[in-house]
Structure formats: structure tokens, C-alpha cells
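Here's the letter readout for the chains.
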Amino acid sequence: MQTLKLKRPDDWHIHLRDDAYLSRTVHDAARYFGRVLVMPNLVPPVIDVSSAISYRERIQALSPPGFSPQMALYLTDTTDADTVVAAKQSGLVSAFKLYPAGATTNSAFGVNAIEKLYPIFEIMQEQDIVLSVHGEVTDADVDIFDREAVFIDTILSEIIRRFPSLRVVLEHITTSQAASFVQDSSDRVAATITAHHLLYNRNDMLVGGIRPVHYCLPILKRHIHQVALLEAATSGNASFFLGTDSAPHPRSAKENACGCAAGCYTAHAAIELYAEAFSSVGRLEYLEAFASEYGADFYGVPHNKDHIELTQQDWQVDASFTFGNTELIPTRGGEPIAWKVTSGERYPLRDGVH
Ligand code: DOR
Ligand code: ZN
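Summarised in this report is the structure supplied together with it.

Scoring rules and cut-offs
Residues numbered from 1 in each chain as written. Chains lettered and ligands numbered in written order. Predicted model: local features only at pLDDT ≥ 70, side-chain atom pairs only at ≥ 80, totals over all residues. Heavy atoms only, no water. Phe/Tyr/Trp six-rings, centres within 6.5 Å; stacked < 30°, edge-to-face > 60°. Helix = DSSP H or I, 4+ residues; strand = E, 2+ residues; numbered from the N terminus. Buried < 20%, exposed > 50% of the residue type's maximum accessible area, 1.4 Å probe, protein only. Lys NZ or Arg CZ within 6 Å of the ring centre and 35° of its normal. Pairing = 2+ DSSP bridges. Axes fitted to C-alpha atoms, helices over the stretch in contact; angles between N-to-C directions. Contact = heavy atoms within 4.5 Å. Donors = N, O, S within 2.8 Å, 3.2 Å for Na, K, Ca; no water. Near = heavy atom within 4 Å. Polar contact = N/O pair within 3.5 Å; in protein donor to acceptor, adjacent residues only side chain to side chain. Areas by Shrake-Rupley, 256 points an atom, 1.4 Å probe, with all protein chains shown as cover. Nonpolar A, V, L, I, M, F, W, Y, C, P; charged D, E, K, R; others polar.

## Quick word on the packing of aromatic side chains
- For the structure shown, the criterion picks out 13 aromatic pairs.
- Residues Tyr-118 and Phe-121 carry aromatic rings whose centres are separated by 6.1 Å and whose planes lie at 50° to one another, so their mutual orientation is tilted. Here the residue Tyr-118 and the residue Phe-121 both occupy positions in helix H4 (residues 118-127), the gap between them amounting to 3 residues, near one helical turn. The exposure classification of Tyr-118 matches that of Phe-121, with both residues buried.
- Measuring from ring centre to ring centre gives 5.7 Å for Tyr-118 and Phe-163, while their planes differ by 65°; the resulting arrangement is edge-to-face. Highlighted residues: Tyr-118 in helix H4 and Phe-163 in the loop between helix H5 (147-162) and strand E7 (168-170), separated in sequence by 45 residues.
- Residue class for Tyr-118 comes out buried when judged on its relative accessible area of 16%.
- Using a relative accessible area of 4% as the deciding quantity, one classes Phe-163 as buried.
- An aromatic cluster is present here, built from Trp-12, Phe-241, Phe-298 and Tyr-299 joined pairwise through their rings.
- A cation sits over an aromatic face here: Arg-24 above Phe-321, 4.0 Å from the ring centre.

Next up, the structure:
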């Protein structure tokens, strides 16, 4: 049986939600991750240091020792310089998240005219705080499958040209264009890659019937893009690192005839799913750097000192999880996963429905 020992990994992009949902999401995220970067798209969003501190306290109240939530603030049309400086000084905020208004779940408070935020990017550059980007345009006439590539050409390239020292993370990349763009940029520009974009493509979502469990934004693309992402993630290039974008929605919001909510829940088996993806291209030896080193290096924090161990061993994911007072269908629900964490877990995975 093959085993794999890794420094404890970090997740540099996760949605934990709030209130009754936190018990599930924190339990799963904290099972073996060291740090997680918590996305701020609550309703209302986390837009300043004081709301980030109280959100962090709600997370920590449910966290085991050693688990470290890092916070991101949500950029709006009215984010000001003082907020950026206060965020840096707090020592608790690792990034500002740019959501183009209307691009995705809970982005209604997002940014309408990105160029109006250039003075804020200037301050972020001075303060050396990370700009985390949802990279999709929202123009009605741009095809949903092209929205990431158009964003890179029309918006991101210009931000990077104007602010060459700004540290930028293009989140959850989905295309060969995004992978090439990051490869060709300076080491101030990085990307997270999700497990679901490495394991699936749009055929998995659309052929033989639409599968809401796979619907997320940016949307799954063609197989050739999946191949390019696998190549980037397993290339040993330090600009690509782990960010699950695990984003739970109640089953009723996803299996909904009036519109399926975007988001895939992978936090219950994140590193196991990445191990499958890396193993599928024979590059498991690159998983540790992708999962446990490059993200920490980019964010300027030390690697975790302890380890986890994975064993190649099938196990079955529960078909459905309890989620507050409702139900959540996880990625791979009711199906097997080929890798299992066999050491370094803080506690076992909670049963699905109880
Ligand atoms: O699929 C997604 N779900 N993409 C995002 O950008 C947001 C996320 C969510 O919060 O549900
Ligand atoms: Zn996200």
C-alpha cells in the first residue's frame, strides 16, 4: 500500500460561511489543515477589521488547538485607505478579496468599476498586502466559458502592469490561459487551483444530465483546460498552490429549478482529492510543495512543522452531510475516494447524517 507523508497542508481559499453552518465547515477544514484563508463573502460581507475579528472569534470558538484561520476582507466600491492600513496593522488580515459585482455567490456588494480602486491597490502595494482576485468579467455579452480569459486580458493584465510589486493571487484558475498568464508573470503573481478543477471538466457536469454538485464559478471548462491545470499544479512551479474554494450550499439551493447555487463542497476530503489528482498524472511527489509550502512562502509565513500521512486506500464518502438544520451534498458524495488520511488528523471525519 502506497503512503505519502506531507508537512501539514494549508488551504489558501475556503468558504466557511457563518452561524449554524460553521460547525460543519470548521470541523472539516480543521481536521488536518494548519492554516486556512477564510473568504469574506458573508451576507453582509466582512469589509473591515472589526467584523473580521468577530468572525474569526466565531470560527475559533469551534476550532481545535493548532488550527489557524487567516482572514480576508471584501473590497467594495467604497473601501478606503484607512481600512487597508488598519488591516495590515491588525496582523490578522492576509488579503483583500476582489469580487467583480455580480460575478458569483454573494458578490452583490462587490466592485463595479475596478479602475476606481487603483488608489487602493496603490496602498495595498505599499503595505504589501495580498490582492486576492475572483477573475471573471460579468458582461452579459461575454460567454460564461470565456469570462476568466477575458478578465485576464482586459482587467488583470492592466492591474499587474500598473502595480508590479503588488502581490496578486488569481483564485481558483480554470483555464490554460490563466495557467500560462501566471507562469509568464513575476513571482508576485500566483494562483490557487481547486481539487474539483483538477478532477473534473464540463463533461462531468453536463453529459447525461446536469449535475448541480459540480456547478461552481468559474465554471468547469473543457478537458484541455483540466489537463493544463494538472500540468501547472504538478509542475513544481511555486506560483501554483492549494486553495480548495470549498463552498457549501444547502442541497435545496443547488438542486433548484430556479437556478443552482455555485459552489462545490470539498473540505471533507480536500487533500485526499488532491492526492487522487496528482496520482492520476503520476506526480504525487509534487503534492507536498503545492499543498504545504508554496502558499506559505507566498504569504510569507513558515511551513507547518508537523506532518500528515496519506495511504492509498478506498473509502466511501457519505452521500449527504448535516449542514445546520439542512442538508449538504459533498463532492464525491456516495462514491469512493482512493486516498485516506491515516495519520495527523486532529479527529476523525464526522458522520454524514446524524
Ligand atoms: O463557486 C463558487 N462559490 N465560486 C465562488 O467564487 C464563490 C463560491 C461561494 O461562495 O459559494
Ligand atoms: Zn471562493
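## With respect to the sheet that holds strand E10 (residues 307-316)
- Pairing in this open sheet of 3 strands is antiparallel, and the strands run E1-E10-E13 from one edge to the other. Both edges of this open sheet fall to strand E1 (3-7) and strand E13 (336-343), since each of them pairs with a single strand only. When strand polarity is set aside, the average angle formed by the axes of neighbouring strands in this sheet is 40°.
- Pairing of E1 with E10 involves 5 bridges; the strand directions are antiparallel. Its bridge partner lying in E10, Thr-3 is registered against Thr-311.
- Strands in contact with helix H12 (residues 287-299) are E1 and E10; relative to E1, the strand with the most contacts, it is inclined by about 25°.

## Side note on the coordination of the zinc ion (ligand 2)
- Surrounding the zinc ion (ligand 2) are the protein donor atoms His-13 (NE2), His-15 (NE2) and Asp-245 (OD), at 2.0 Å.
- Site description for the zinc ion (ligand 2): donor spacing in sequence, H-x1-H-x229-D. Here the residue His-15 occupies a position in the loop between strand E2 (11-14) and helix H1 (22-29), and Asp-245 occupies one in the loop between strand E9 (240-242) and helix H10 (251-254), the gap between them amounting to 230 residues.
- Relative accessible area serves as the criterion here: at 6%, His-15 is assigned to the buried category.

## Here's the deal with the site of ligand 1
- Close contacts around ligand 1 come from 14 residues, with Arg-17, Asn-41, Thr-104, Leu-217 and His-249 the closest.
- Separating an oxygen atom of ligand 1 from a side-chain N or O atom of His-249 is a distance of 2.8 Å.
- The fraction of the free accessible surface of ligand 1 (290 Å²) that becomes covered by protein chains is 100%.
- Split into classes, the residues belonging to the shell around ligand 1 amount to 4 nonpolar, 8 polar and 2 charged.

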